[in-house]
Amino acid sequence: MRVGVIQFPGSCDERDAVRALSHLGAEPVLLWHGTADLDGAEAIVLPGGFTYGDYLRTGAIAQFAPVMGAVADFAERGGPVLGICNGFQVLCEARLLPGALTRNEGLRFIHRRQALRVETPGTWLDAPAGAVLDIPVKHGEGRYVHDDPDGLAAAGQVLVRYCHADGTVDDDANPNGSVAGIAGVTNAAGNVAGLMPHPEHAVEALLGSTDGAKILGAVLRAGVGA
Amino acid sequence: MGTPTPAPEPHTLAKELGLTPEEYRRIEETLGRVPSTAELGSYSVMWSEHASYKSSKVHLRNLPTEGERILVGPGENAGVVDVGDGHAVSFKIESHNHPSYVEPYQGAATGVGGIIRDILTMGARPIALLDPLRFGDPADPTTRRIVDGVVRGIGGYGNSIGVPTVGGELSFDASYAGNPLVNVLCVGSLPADRIQLAQAESPGDVAVLIGQRTGRDGIGGASVLASAEFREGAEAGWAGRGHVQVGDPFAGKLLIETCLELYERELLSGIQDMGAAGIICSAAEMAAAAGLGMRLDLDLVPVRETDMQAWEILCSESQERMLALVSPERLDEVLERCGRWGIDATPIGEVIEGDRLHFTYQGDVVVDAPAKSLADEGPVYERPVGVWAHPGAGEDADAAPPPGDLEAAVRLVLTDPDIVPPAWVWSQYDSIVGSATVQGPGGSAAVIRVTDDGRGVAVATDGNGRWCALDPETGAQLVVAEAARNVACTGAQPIAATNNLNFASPEVPAVMGAFAGTIRGMSAACESLGTPITGGNVSFYNQTGDRPIHPTPVIGVLGVVDDVAQARGIGFAEAGDEILLIGAPTRPGLGGSVYQRAVEGRLAGRPPAIDLPAERALQAFLVEHASALASAHDVAAGGIVTTLVESCLDGGLGAVVTPEPEVEAHQWLCSESPTRVVASVSPDHLDEVTAALEAAGVAHRPLGWVTAEPTLEVEGVLTLDLDEVASAQATSLAHALGDVDA
């Protein structure tokens with residue numbers, strides 16, 4: 001299964017995404033930001049990083065890259081698109097996902113292992129609602145904001161929330177002040193998803209966790225179904 | 001055209017630029033005329049302490065630099081070592097001490113950017129950073145401001161460019177109050193046959209400036225910041241522009257990806273980054289290395305400010321720039337590749353026959369000088385070497401009576417700012433990008449996967465100003481041994497080292513005495529432990545007013561490991577495992593220890609002596625019997641009680657141990673005598689390990705066993721509740737540093 005990983009200037013985790021997808025048996029291919037061509041990809045991943053330095057709002061410039069027009073068309077046709085960290089920010093800026101990401105509550109970059117509670121698995125997660133995943137976060141601007149988080153949840157658009165190891169969601173488990181502890185969301189149709197945690201950094205036990213495979217692995221199946 | 005216009009009032013200008021009258025005379029003699037302003041500026045930065053090593057060269061020659069794994073030693077931008085199977089790694093440590101005091105965020109950020117470009121210049125992809133940091137008293141608000149800025153700066157640059165920060169140190173001492181030490185080590189990986197050299201190849205090759213535009217930032221940084229005048233100027237409030245460069249991590253990231261593409265396509269005949277001393281340094285070094293000359297038209301240099309003078313263009317330390325040499329038929333492809341990444345690339349001249357640098361600007365020749373005179377023929381000083389004598393060194397550190405309340409004393413040690421794990425610092429760094437960090441911050445050494453089949457490297461940095469202040473020569477030996485031992489604890493074979501020599505003014509004989517002693521100690525230890533020095537950095541003039549910092553050599557040791565999946569951690573693995581002390585028995589060793597500071601409030605005596613052959617035997621054992629030990633953790637700052645607590649907490653387990661009766665209880669717990677490792681072994685492997693230790697002639701002693709309860713019981717002495725210790729540690733540094741969210 002061919003998965004396109006978009007490389008913007010300033011992307012940092014694109015090689016990690018490629019490595020993780022290969023590890024899970026996909027055929028990843030890097031797609032250049034300046035070319036409006038998805039090269040036959042059946043699913044798209046927007047990786048983490050600091051596109052264009054993120055000197056403006058994170059993702060604010062990357063949304064205008066030529067490739068993003070092709071991504072929007074692909075998403076419109078129901079193609080699966082996953083944004084990780086900076087990729088999530090880009091998808092929110094591009095209005096392919098609801099809400100926005102702002103500076104962490106503590107105003108510091110934060111990197112740590114993070115427990116996530118599965119809310120609505122949809123096609124994106126190989127884990128039931130209520131399951132707890134161990135996937136790292138690392139970001140400076142990951143505070144998710146949305147006017148109606150309850151409505152979003154009711155619509156089944158909340159993918160995962162920050163939680164404790166036992167699944168409890170509260171402020172102490174929340175690394176960045178995201179509203180209602182939301183760590184990842186989907187669009188209304190469910191084919192576009194974004195999350196701040198990094199599943200591509202959690203596919204090898206040697207590096208700490210394999211829970212990321214439950215998200216990235218699902219990308220592959222989501223692609224097949226599209 | 002013709003000859004450069006003589007500088008007006010050249011003697012006065014020379015003095016302002018930090019050149020001595022004798023240095024000025026040599027410049028006139030070399031050129032056979034009065035130098036131009038641009039030439040004087042060029043000589044002043046190239047002959048600065050920072051760029052020329054003029055005070056340290058005669059001593060650095062004594063360091064061991066050769067080994068069978070060494071592909072590139074000192075003199076290039078960074079050392080390169082062979083890790084096997086056609087793979088190599090490049091690594092080096094650099095300092096950005098003075099800029100980090102002036103402007104902590106940018107000072108630290110550009111320190112990261114600078115060392116990354118050194119590694120990139122060698123042809124390597126930067127894959128890991130380690131930051132040994134030293135600051136003043138954490139209770140001082142100024143220290144808190146500097147720590148915060150430095151940590152944010154390292155994260156701000158490192159996190160944004162996709163290079164993980166995997167380790168380092170955080171240490172505090174009043175001697176660094178007005179002069180923090182911000183050292184940064186970078187590791188890069190490259191195919192062994194793709195090493196790039198900072199050397200011109202053939203006349204006619206085009207000099208291409210790649211990266212950021214040139215501005216007035218950082219002009220004279222190398223000569224001024226790292227100089228005698230720095231203090232007075234900084235304190236008086238500089239009339240001119242700030243000397244600290246400003247980093248742009250996005251431009252740095254583009255430069256990494258662009259250069260790697262140029263290397264892969266074999267498009268370059270030479271490349272040099274622009275760090276201290278700017279264009280003049282890159283041009284002079286590449287030309288001199290090949291015995292060739294270079295012609296540059298400075299009007300072609302893209303600038304970001306108006307009315308820049310020739311000397312400003314030459315000496316600017318604007319960041320994220322490289323000077324590449326490209327044969328004419330490859331020029332178009334180089335320019336096209338750079339354009340694709342959105343990075344400026346501008347031909348500004350060419351390599352020429354002869355040995356001269358010939359630069360023009362606005363219709364005039366501004367520099368016409370032999371490249372070697374700038375790059376290689378700077379002054380070399382045999383500074384007077386006096387005796388470094390710390391006032392407390394004559395006391396007997398181990399004669400003090402035991403503390404009245406031993407448990408309280410141990411708690412002071414465990415919550416000392418140098419001992420507490422700085423998790424709040426690590427949490428601000430991305431340590432995992434690259435998908436190669438097998439062991440990140442918090443272990444003995446960082447373990448990084450280099451190849452897909454699991455070959456990797458282990459890297460540790462260590463320094464200890466307190467030991468070195470009391471006895472620079474012994475201190476240097478201890479520091480090298482500790483870094484190498486940390487690497488060996490993971491099971492990796494230490495093969496090479498890089499050094500950052502942080503000292504006060506070389507013009508003070510006692511400081512040079514400490515420097516010379518340090519080199520002696522470092523040479524002996526590196527020789528004995530098989531870790532030649534492949535490069536590094538000397539940073540002088542680290543002092544607050546007249547008060548010197550402790551002599552602080554910081555060493556980075558790199559080891560190789562065939563299979564990173566087998567790398568050993570520091571944490572106890574299973575309840576019931578036996579705990580052994582291996583290497584050497586515990587000896588009295590409180591001179592310069594954390595105990596001495598935390599409990600006695602002094603710095604006195606001598607650091608513990610080290611037996612290098614015993615150290616070598618211990619490290620060889622740790623490497624050869626990597627798989628037989630469940631954990632290994634060295635005993636260093638804070639003594640064995642610190643080691644035991646860390647092994648327990650890392651493994652989420654407890655321990656019961658029996659102290660060695662030969663030393664007093666407080667010594668047993670807190671002595672920092674070297675060549676000791678606390679290892680755990682499953683009962684199944686115990687006989688095998690014991691027999692191997694006997695056969696290798698490595699001292700060993702059973703200490704106790706690992707338990708499931710979260711307590712550390714030292715029989716007959718004390719019992720620590722480990723949950724309580726962890727929570728006291730978690731709040732202590734946060735408390736000491738004030739505004740931090742621990």
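Structure: see above.
Scoring rules and cut-offs
Residues numbered from 1 in each chain as written. Chains lettered and ligands numbered in written order. Predicted model: local features only at pLDDT ≥ 70, side-chain atom pairs only at ≥ 80, totals over all residues. Heavy atoms only, no water. Helix = DSSP H or I, 4+ residues; strand = E, 2+ residues; numbered from the N terminus. Rg over C-alpha atoms; globule rule 2.2 N^0.38 Å. Buried < 20%, exposed > 50% of the residue type's maximum accessible area, 1.4 Å probe, protein only. Contact = heavy atoms within 4.5 Å. Lys, Arg positive; Asp, Glu negative; His and termini not counted. Charge placed at Lys NZ, Arg CZ, Asp CG, Glu CD. Core = buried A, V, L, I, M, F, W, Y, C linked by side-chain atoms within 4.5 Å. Salt bridge = Lys/Arg side-chain N within 4 Å of Asp/Glu carboxyl O. Pairing = 2+ DSSP bridges. Polar contact = N/O pair within 3.5 Å; in protein donor to acceptor, adjacent residues only side chain to side chain. Buried area = accessible area lost by both parts, 1.4 Å probe. Nonpolar A, V, L, I, M, F, W, Y, C, P; charged D, E, K, R; others polar.

Focus on the overall build of chain A
Thinking step 1. Looking only at helices and strands, chain A features five helices and eleven strands.
Thinking step 2. Against the compact-globule benchmark of 17 Å for 226 residues, chain A has a radius of gyration of 16 Å, which places it among compact chains.
Thinking step 3. For chain A, the proportion of its 226 residues judged to be buried stands at 60%.
Thinking step 4. Long-range contacts, defined as pairs at least 24 residues apart, comprise 74% of the intrachain contacts of chain A with a sequence gap of at least 6.
Thinking step 5. Here chain A holds 16 positive side-chain charges and 26 negative ones, and the gap between their average locations is 3 Å.

Looking at the nonpolar core
As a rule of thumb, nonpolar side chains are buried together in soluble globular proteins.
Thinking step 1. Residues Phe8, Ile44, Leu46, Met68, Val81 and Leu82 of chain A are the most contacted members of the largest nonpolar core, which totals 122 residues.
Thinking step 2. Ranked by the residues each element gives to this core, the list is headed by helix H11 (residues 249-264) of chain B, at eight residues.
Thinking step 3. Every residue in contact with Phe8 of chain A, bar those within four places of it in the chain, is listed here: His33, Leu46, Thr51, Ala62, Ala65, Val67, Met68 and Val90 of chain A.
Thinking step 4. Ala284, Cys315, Leu323 and Val366 of chain B belong to the second largest nonpolar core, which has 49 residues in total.

Details of the pattern of salt bridges
Residues and elements named next belong to chain B.
Thinking step 1. Taken as a whole, this structure holds 46 salt bridges over all chains when the rule is applied.
Thinking step 2. Among the ionic pairs, Arg25 bridges to Glu29, the shortest N-O distance being 2.7 Å. Placement of the pair is Arg25 and Glu29 together in helix H2 (residues 21-31), with a separation of four residues, close to one helical turn.
Thinking step 3. What makes Glu29 exposed here is its relative accessible area of 57%.
Thinking step 4. The shortest N-O distance in the salt bridge between Glu333 and Arg265 comes to 4.0 Å. With Glu333 in helix H14 (residues 331-340) and Arg265 in the loop between H11 and strand E8 (270-273), this pair connects stretches of sequence that are 68 residues apart.
Thinking step 5. Assessed through its relative accessible area of 31%, Glu333 is described here as partly exposed.

Focus: the pairing of strand E10 (residues 182-186) of chain A
A regular strand places its side chains so that they alternate between the two faces of the sheet.
All names here are of chain A.
Thinking step 1. Burial runs high along E10: five of the five residues are buried.
Thinking step 2. When strand E9 (residues 158-163) meets E10, the two strands line up antiparallel, connected through three bridges. Bridge pairing in E10 places Val158 opposite Val185.
Thinking step 3. Alignment of E10 against strand E11 (residues 192-195), held across three bridges, turns out to be antiparallel. Residue pairing across strands places Gly184 opposite Leu195, the latter belonging to E11.
Thinking step 4. Taking the residues that link successive antiparallel strands as the turn, the E10-E11 hairpin has five residues, and the phi of Gly190 there is positive, at about 90 degrees.

What to know about the side chain of Thr474 of chain B
Residues and elements named next belong to chain B.
Thinking step 1. With respect to the helices and strands, the residue Thr474 is situated in helix H19 (residues 472-489).
Thinking step 2. Judged by its relative accessible area of 17%, Thr474 falls in the buried class.
Thinking step 3. In this structure the side chain of Thr474 is engaged in a polar contact, spanning 2.8 Å, whose partner is the side chain of Asp471.
Thinking step 4. If near-sequence neighbours (up to four positions away) are discounted, Thr474 is found in contact with Pro607, Pro608 and Ala609.

Brief notes about the interface of chain B and chain A
Thinking step 1. Each partner contributes to the interface: chain B provides 35 residues, whereas chain A provides 27 residues.
Thinking step 2. Counting the surface lost from both chain B and chain A, the interface buries some 2600 Å², and carbon and sulfur atoms represent 53% of this.
Thinking step 3. Between chain B and chain A we count four salt bridges in total.
Thinking step 4. In this structure, the salt-bridge partner of Glu204 of chain A is Arg449 of chain B, at a minimum N-O distance of 2.8 Å.
Thinking step 5. Breaking the side of chain B that touches chain A down by element, the ones donating at least two residues are helix H8 (141-158), H11, helix H17 (423-426) and strand E14 (437-439) of chain B.
Thinking step 6. Counted by class, the side of chain B that touches chain A contains 15 nonpolar, nine polar and eleven charged residues.

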